[in-house]
Each structure stands twice: as C-alpha cells, then as structure tokens.
Amino acid sequence: PRRLLVAYIAVGFAWSFAVGILVVGALHGVKVETGSSTANSVVSLGLGAAAAGFAAGIATGRIETPSPGRSTGQSRVSRALRDPTLAVAAGAGVATHLPGLFYLLGLNAISETGPGLAVGAVNVLIFDAIWFAIPIAALAVALRRPAAAKVALDRGSAWARRHQRQLTTVVFAVVGVAFALKGAVDLLS
C-alpha cells in the first residue's frame with residue numbers, strides 16, 4: 001500500500017503541477033498593471049457562482065450524491081481500484097486531480113498576482129503541496145504506524161461517507177460565495 005500511495009502522490013502531483021504551470025502561464029497575460037484584470041474577475045465570479053449553484057443543487061436534492069449504502073461496485077474501474085497495481089495507482093493520481101472547480105479557482109488567484117515564471121512555479125508548487133496534504137499525511141502515517149493509518153483511514157472514510165451531503169454543500173457554498181463576491185467586488189471597483 002505504501003508503494004501505491006507513493007505512485008498516486010508522485011504522478012498526481014506531477015500532473016497537477018504541469019497543469020498549474022500551464023494555466024498560470026496562460027492567465028498571467030491577462031493581468032493589468034493597475035489591479036486585478038476584468039478577465040480574472042469574471043473567472044472568479046463565474047466559477048464562484050458555479051460552485052455556489054452546485055452547493056444549492058446538493059442542498060435541495062436536485063443534484064444527488066451517492067448514498068453511503070448504495071454501491072455501483074462491479075465496474076471494471078471499481079475492481080481495479082480494489083487491488084490496484086502501480087500503474088492503476090498512478091492513473092488514479094491523475095484522474096482524481098484533473099483540474100476541477102476549486103483547483104481552477106486557486107490557479108486563477110495565483111495568476112491574479114501577476115507572477116513571473118519562477119514565482120508562479122513556486123506558488124503552484126506550494127498550492128499543490130496543500131492540495132495533496134491529505135494523501136501526503138496519510139503516507140507519513142502509513143510509513144510510521146501502518147496499523148494506526150488503516151484504523152484512522154477507515155474511521156475518517158466512514159465519517160465522511162455519513163456526512164457527504166453536508167460536507168459537499170458547506171464547502172462548495174463557502175468557496176463559491178467567497179470567490180463570487182471577490183469577482184463581483186473586483187468588477188465593480
């Protein structure tokens with residue numbers, strides 16, 4: 001399991017870093033010298049509104065989250081993830097770190113500062129270290145105390161499954177409203 005976790009983190013981190021550098025490099029050109037650009041403000045407003053809308057959909061039941069007891073468990077992907085090879089673990093690192101809404105919001109925030117290539121790379125590296133904090137912490141615990149890591153993971157996973165709807169709603173609502181307000185305030189100023 002430790003080798004699999006290392007493959008998951010290493011390949012996922014490398015993928016996220018490469019995507020981050022490309023996105024920050026592309027968005028860097030829209031920064032204006034006098035403040036945040038209209039393009040960055042629109043991105044923040046749009047992605048923030050999308051996150052808040054997703055939270056509302058989850059909260060109202062219009063968007064369903066899988067219930068803890070419901071399992072689609074027999075797909076080929078599910079079977080491969082139950083007993084993964086190094087290649088499957090590495091692929092999962094990429095698949096679970098495709099640029100999503102939160103990642104793009106973070107990269108947009110980095111690009112608003114107008115970093116050069118070196119500073120942008122360091123910022124993306126720090127952002128990715130935070131982004132991968134949970135798997136890195138799991139690896140650290142697994143290396144030092146494997147039995148405790150399994151117990152903690154089982155307990156944490158069970159709690160997260162029981163509270164999935166509430167967690168998803170709160171996280172997307174808070175982040176969505178914060179970025180939507182930031183984008184709106186920047187556009188109005």
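Residues numbered from 1 in each chain as written. Predicted model: local features only at pLDDT ≥ 70, side-chain atom pairs only at ≥ 80, totals over all residues. Heavy atoms only, no water.

Caption draft 1: Local environment of the overall build of the chain. Broken down by element type, the chain carries 9 helices and 0 strands. Of all 189 residues assigned to the chain, the portion counted as buried reaches 28%. Look at the contacts in the chain between residues 6 or more apart in sequence, and 84% of them connect residues 24 or more apart. (Helix = DSSP H or I, 4+ residues; strand = E, 2+ residues; numbered from the N terminus. Buried < 20%, exposed > 50% of the residue type's maximum accessible area, 1.4 Å probe, protein only. Contact = heavy atoms within 4.5 Å.)

Caption draft 2: Inspection of the packing of helix 5 (residues 101–112) against helix 6 (residues 117–131) at higher detail. Viewed as axis vectors pointing N to C, helix 5 and helix 6 meet at an angle of 150°, and their least axial separation amounts to 10 Å. The pairing of helix 5 with helix 6 is recorded here as roughly antiparallel in orientation. For the pair helix 5 and helix 6, the crossing hand works out as right-handed. Two secondary-structure elements touch here, helix 5 through Phe-102, Tyr-103, Gly-106, Leu-107 and Ile-110 and helix 6 through Asn-123, Val-124, Phe-127, Asp-128 and Trp-131. For the contact of helix 5 with helix 6, the residue count by class is 7 nonpolar, 2 polar and 1 charged. (Axes fitted to C-alpha atoms, helices over the stretch in contact; angles between N-to-C directions. Parallel < 35°, antiparallel > 145°, perpendicular 65-115°, else oblique. Left-handed = near helix turned anticlockwise from the far one by under 90°. Nonpolar A, V, L, I, M, F, W, Y, C, P; charged D, E, K, R; others polar.)

Caption draft 3: How the structure looks around the nonpolar core. With 8 residues, the main nonpolar core is built from Val-19, Val-23, Val-24, Tyr-103, Leu-107, Ile-110, Val-124 and Phe-127. Every element with two or more residues in this core is listed here: helix 1 (2–28), helix 5 and helix 6. In this structure Ile-110 touches Val-24, Pro-115, Asn-123, Val-124 and Phe-127, once residues within four positions along its chain are discounted. Core analysis: the next-biggest nonpolar cluster, separate from the first, contains 7 residues, Tyr-8, Ala-92, Phe-132 and Leu-139 among them. (Core = buried A, V, L, I, M, F, W, Y, C linked by side-chain atoms within 4.5 Å.)

Caption draft 4: How the structure looks around the side chain of Thr-168. With respect to the helices, strands and loops of the structure, Thr-168 is situated in helix 9 (residues 164–188). Classification of Thr-168 as buried rests on a relative accessible area of 18%.

Caption draft 5: Structural context of helix 7 (residues 133–144). With 12 residues, helix 7 should reach 16 Å at 1.5 Å per residue; the first-to-last C-alpha distance of 17 Å fits that figure. Of the positions making up helix 7, those classed as buried are Pro-135, Leu-139 and Ala-142. An end-on view of helix 7 places all buried positions within 65° of arc, on one side of the element. Turned more than 90 degrees away from the buried face of helix 7 sit Ile-134 and Arg-144, all of them exposed. (Expected span 1.5 Å × (residues − 1). Arc of directions from axis to C-beta.)

Caption draft 6: Local environment of the side chain of Asp-128. Inspection of the secondary structure puts Asp-128 in helix 6. Of the side chains with opposite charge, Lys-182 comes closest to the buried, unpaired Asp-128, at an N-O distance of 19 Å. The contact partners of Asp-128, leaving out residues within four places of it in the chain, are Phe-13, Ser-16, Phe-17 and Tyr-103. (Lys, Arg positive; Asp, Glu negative; His and termini not counted. Salt bridge = Lys/Arg side-chain N within 4 Å of Asp/Glu carboxyl O.)

Caption draft 7: Focus on the packing of helix 8 (residues 146–162) against helix 9. Interaxial distance between helix 8 and helix 9 falls to 4 Å at its minimum, and their mutual angle equals 75°. Taken together, the axes of helix 8 and helix 9 lie roughly perpendicular to each other. Of the residues in helix 9, those touching helix 8 at Trp-159, Ala-160, Arg-161 and Arg-162 are Gln-164, Gln-166 and Leu-167. Here the contact of helix 8 with helix 9 is composed, by residue class, of 3 nonpolar, 2 polar and 2 charged.

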